[in-house]
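Letter by letter, the chains look like this.
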Amino acid sequence: MKKLAILGCTGSIGVNTLDIVDRFKDRYEIVALSAGTNINLLKEQVLKFKPKIVSVLNDHFAIKLREGLKPHNVEILHGIEGAKKIATLPEVEMVISAIVGAAGLVPTFSAIQAGKDIALANKETLVMAGKIVMKEAKNNDVAILPVDSEHSAIFQSLLGHRKRDVRRIILTASGGPFLNCSYEELNTVTIREALEHPTWQMGRKITIDSASLMNKGLEVIEARWLFDVPHEKIDVHIHPQSIVHSMVEYVDGSVIAQMGVPDMRVPISYALSYPDRLETGLSSLNLNEIHKLTFELPDEERFPALKLAYRAVEEGGTMPAVLNAANEIAVEAFLRDKISFPKIPQIIEQAMDCHRVKEINTVQDSLDADHWARAKANEFF
Ligand SMILES: NC(=O)c1ccc[n+]([C@@H]2O[C@H](COP(=O)([O-])OP(=O)(O)OC[C@H]3O[C@@H](n4cnc5c(N)ncnc54)[C@H](OP(=O)(O)O)[C@@H]3O)[C@@H](O)[C@H]2O)c1
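Residues numbered from 1 in each chain as written. Predicted model: local features only at pLDDT ≥ 70, side-chain atom pairs only at ≥ 80, totals over all residues.

Enquirer: Any chance you could explain the environment of Trp372 here in plain terms?
Expert: Within the secondary structure, Trp372 sits in helix α17 (residues 363-378). Judged by the 20 C-beta atoms lying within 10 Å of it, Trp372 falls in the buried class. Separated by 120 residues in sequence, Trp372 and Asp252 place their C-alpha atoms 45 Å apart. (Helix = DSSP H or I, 4+ residues; strand = E, 2+ residues; numbered from the N terminus. Buried ≥ 20, exposed ≤ 12 C-beta atoms within 10 Å, placed from the backbone.)

Enquirer: In this structure, what is going on with the nonpolar core? I would like to understand it.
Expert: Leu4, Ala5, Leu7, Ala309, Val322, Ala326 and Ile348 are the most contacted members of the largest nonpolar core, which has 113 residues in total. Of all the elements, helix α15 (residues 319-335) adds the most residues to this core, at 10 residues. Once residues within four sequence positions are removed from consideration, Leu7 is found in contact with Ser34, Ala83, Ile86, Ala87, Val95, Ile96, Ser97, Ala98, Ile99, Gly104 and Pro107. (Core = buried A, V, L, I, M, F, W, Y, C linked by C-beta atoms within 7 Å. Contact = placed C-beta atoms within 7 Å.)

Enquirer: Got a minute to help me understand the sheet that holds strand β3 (residues 53-56) in this structure?
Expert: Whenever strands of a sheet pair, they do so through backbone hydrogen bonds, lying parallel or antiparallel. Strands sit in the order β4-β3-β2-β1-β5-β6-β7 across an open sheet of 7 strands; the sheet is parallel. Of all the strands in the sheet, just β4 (75-78) and β7 (144-146) have a single pairing partner and so form its edges. Adjacent strand axes in the sheet meet at a mean angle of 25 degrees when their direction is disregarded. Here strand β5 (residues 94-97) pairs with strand β6 (residues 117-120) via 4 bridges, running parallel. Its bridge partner being in β6, Ile96 is matched across the sheet by Ala119. On the sheet, helix α3 (residues 59-68) packs against β3 and β4 and is oriented at approximately 165 degrees with respect to β4. Lying on the sheet, helix α5 (residues 105-113) is in contact with β1 (2-7), β5 and β6; it crosses β6 at an angle near 150 degrees. (Pairing = 2+ DSSP bridges. Axes fitted to C-alpha atoms, helices over the stretch in contact; angles between N-to-C directions.)

Enquirer: Mind showing me how you'd approach the site of the ligand here?
Expert: Taken together, 29 residues lie around the ligand, and Gly11, Gly36, Asn38, Ala121 and Gly203 are the ones closest in. Breaking the shell around the ligand down by element, the ones donating at least two residues are α1 (12-23) and α10 (204-212). Partitioning the shell around the ligand into residue classes produces 14 nonpolar, 10 polar and 5 charged. (Near = placed C-beta within 6 Å. Nonpolar A, V, L, I, M, F, W, Y, C, P; charged D, E, K, R; others polar.)

Enquirer: Explanation requested: the packing of helix α14 (residues 305-315) against helix α16 (residues 343-353) in the structure shown.
Expert: Each packed pair of helices is defined by two parameters, the angle between the axes and the distance between the axes. It is at 10 Å that the axes of α14 and α16 come closest, and there the two elements cross at 20 degrees. Classified by the interaxial angle, the pair formed by α14 and α16 is roughly parallel. Handedness of the crossing formed by α14 with α16: left-handed. Residues Ala305, Leu308 and Ala312 of α14 form the contact with α16, whose participating residues are Pro345, Ile348, Glu349 and Met352. For the contact of α14 with α16, the residue count by class is 6 nonpolar, no polar and 1 charged. (Parallel < 35°, antiparallel > 145°, perpendicular 65-115°, else oblique. Left-handed = near helix turned anticlockwise from the far one by under 90°.)

Enquirer: For this particular structure, what's the right way to read the pairing of strand β2 (residues 28-34)?
Expert: Looking along a regular strand, one sees the side chains alternate between the two faces of the sheet. Among the 7 residues that make up β2, 6 are buried, leaving the element largely enclosed by the rest of the structure. Bridge analysis of β1 against β2 gives 6 bridges, and the strand direction is parallel. Each residue of the ladder has a partner; that of Ile6, found in β2, is Leu33. At this point the chain moves from β1, through α1, to the parallel β2, and the crossover so formed is right-handed. (Right-handed = clockwise from strand over helix to strand, strands pointing away.)

Enquirer: I would appreciate a short explanation of the packing of α10 against α15 in the present structure.
Expert: Taken N-terminus to C-terminus, the directions of α10 and α15 make an angle of 100 degrees; their axes are 10 Å apart at the nearest point. One way to sum up the angle between α10 and α15 is to call them roughly perpendicular. The segment α10 lies against α15, with Arg204, Lys205, Ile208 and Asp209 engaging Val331, Phe334 and Leu335. Considering only residue class, the contact of α10 with α15 consists of 4 nonpolar, no polar and 3 charged.

Enquirer: How do you make sense of α5 when you look at a structure like this?
Expert: In an α-helix, one turn spans 3.6 residues; hence positions three or four apart end up facing the same way. With 8 of its 9 residues buried, α5 lies for the most part within the structure. Turning to α5, its buried residues are Leu105, Val106, Pro107, Thr108, Phe109, Ser110, Ala111 and Ile112. Backbone geometry just after α5 places Gly115 at a positive phi near 80 degrees.

Enquirer: Help me understand helix α7 (residues 149-158), please; the structure alone is not making it clear to me.
Expert: Most of α7 sits out of view: 8 of its 10 residues are buried. Looking only at α7, the buried set comprises Ser149, Glu150, His151, Ser152, Ala153, Ile154, Phe155 and Ser157. The inward-facing, buried residues of α7 abut β7, β8 (166-173), α11 (214-226), β10 (244-250), β11 (255-259) and α12 (265-273). Once α7 ends, the next one or two residues include Gly160, with phi positive near 85 degrees.

Enquirer: Mind showing me how you'd approach the sheet that holds strand β9 (residues 234-238) here?
Expert: Across the sheet, 4 strands lie side by side as β9-β8-β10-β11; this open sheet has mixed pairing. With one partner strand each, in any of the chains shown, β9 and β11 form the two edges of the open sheet. If you compare each strand with its neighbour and ignore which way they point, the axes differ by 20 degrees on average. Against the sheet, α11 engages β8 and β9, with an angle of about 150 degrees to β8.

Structure follows, in structure tokens:
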């Protein structure tokens, strides 16, 4: 039995992870769960998976959960200290890092320091502090297994090959719901339209990031650190069918791709079970129905977020943390109907233009840049 803790258990990745655990009760045991505010769902999960300890966003939600779970013997914690405790419990072997946004960094880093293997969905951890996170993982002999479907595809396409033979990594992107919109049309898109992703079911923030292509930008930075490949060797192609999840090109011109139906339970199950593969019972890829697989270059004029991410990784140091934080503020503002969709990358660029890059040597350096960028981005509404 592999003993698991899930950070972000009530989100899209968290729920899909619990679906896999439920299908393989003989392989996985849930020891601890961490959520934010969705107490009703967390309560259901506690009753079903019987963790011994859970954590929620703050004291208010902890009190509510305690009331709802009165006769049950489960320890209830809250806040960042609660999430850190969940991530570092002695009996936990693997932590599924699936909190959304910068809030995932500290508990994930704590888990790495405690020597836990990580199934990593929270890409912001590597965007904000990739250099020190990967160094800490190496020092503690921790495996970081990608949950992002693109990074899982790259991970699988690299297996059995030598890294020095890699010519480039090709990340695929669905292009999101606005792939064929003109710049003028982008000005008037609604929140509901932006949340209607054509191929993937995901949380709200990553769905908006997919629509702006910022998600792909964050993934470029994630891939840079996860696979230790310079950003110049990472390309992005739009692939609206979301069947080829990403590719690796080798120096002899061979391209190895990983394909499959767009279902996050596939990369999640591989991260949990690596190097085994689980017979998940999920649907097969039917190429007859798909007919064609297409690829095109992203349009950086209509979707400038991708260009901003390349600029951030090139400038290095604190700049990716600034990109990420400004994006979180701008996406939140869009979701509250305070700004138009094209204003998201504009706010990020303004924050980046004001930033003086510093080295990141500690998690605190990264958090400081994050706090600075949030305050700065708020000035541009
Ligand atoms: N969804 C996907 O298909 C997908 C694919 C690849 C990568 N990812 C990455 O995986 C991560 C999670 O994405 P998601 O789509 O699953 O997000 P989501 O559906 O919005 O879920 C986010 C989870 O984080 C929790 N949370 C939010 N803020 C928190 C805080 N301050 N402290 C503690 N917990 C907090 C939420 O709790 P409550 O809901 O209880 O408030 C929820 O459990 C993101 O980094 C995303 O980029 C997602």
